[in-house]
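What the coordinates show
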Amino acid sequence: MSLQAAEEGQGVALGRTVLVADDMAQGHLVQPFTLHLTTKLAVYLVYPKDRAAEPKVTAFRDWLTKEAALR
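Right, let's walk through the structure included here. (Residues numbered from 1 in each chain as written. Predicted model: local features only at pLDDT ≥ 70, side-chain atom pairs only at ≥ 80, totals over all residues. Heavy atoms only, no water.)

**Quick look at the pattern of salt bridges**
Convention followed: The salt bridge criterion pairs a side-chain nitrogen of Lys or Arg with a carboxyl oxygen of Asp or Glu, the two atoms within 4 Å. When a residue's accessible area, from a 1.4 Å probe over protein chains only, is under 20% of the maximum for its type it is buried; when over 50% it is exposed; and in between it is partly exposed.
On inspection of all chains with the given rule, the structure shows 1 salt bridge. Among the salt bridges present, the one from glutamate 54 reaches arginine 51, with a minimum N-O distance of 3.0 Å. Taking relative accessible area as the criterion, glutamate 54 reaches 24% and is therefore assigned partly exposed.

Dropping the structure here:
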């Protein structure tokens, strides 16, 4: 909601690059300074063990892994 408020001109927001990149590319949001913060946070993909071999799960896991490698 804070990103939406910033986009609507109601203030500023802190955002993760991956979440604001498209809005910045389209000119909806701007980065007012070059400060970047790194975190030790992680993202976890979780699913039931018995579904790990399902094609849709493996396809999503593979896509997510490739996307994460690009960042």
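Okay, back to it.
**Overview of the environment of alanine 6**
Rules: Think of it this way: any DSSP run of H or I at least four residues long counts as a helix, any run of E at least two long counts as a strand, and we number them from the N terminus. Whether two residues are in contact is decided by their heavy atoms, any of which lying within 4.5 Å being enough.
Structurally, alanine 6 is set in helix α1 (residues 2-7). Alanine 6 gets classed as buried once you look at its relative accessible area, which sits at 17%. Sequence separation between alanine 6 and valine 30 is 24 residues, and the spatial gap between their C-alpha atoms is 9.6 Å. Setting aside chain neighbours within four positions, we find alanine 6 in contact with Gly11, Val12, Ala13 and Leu29.

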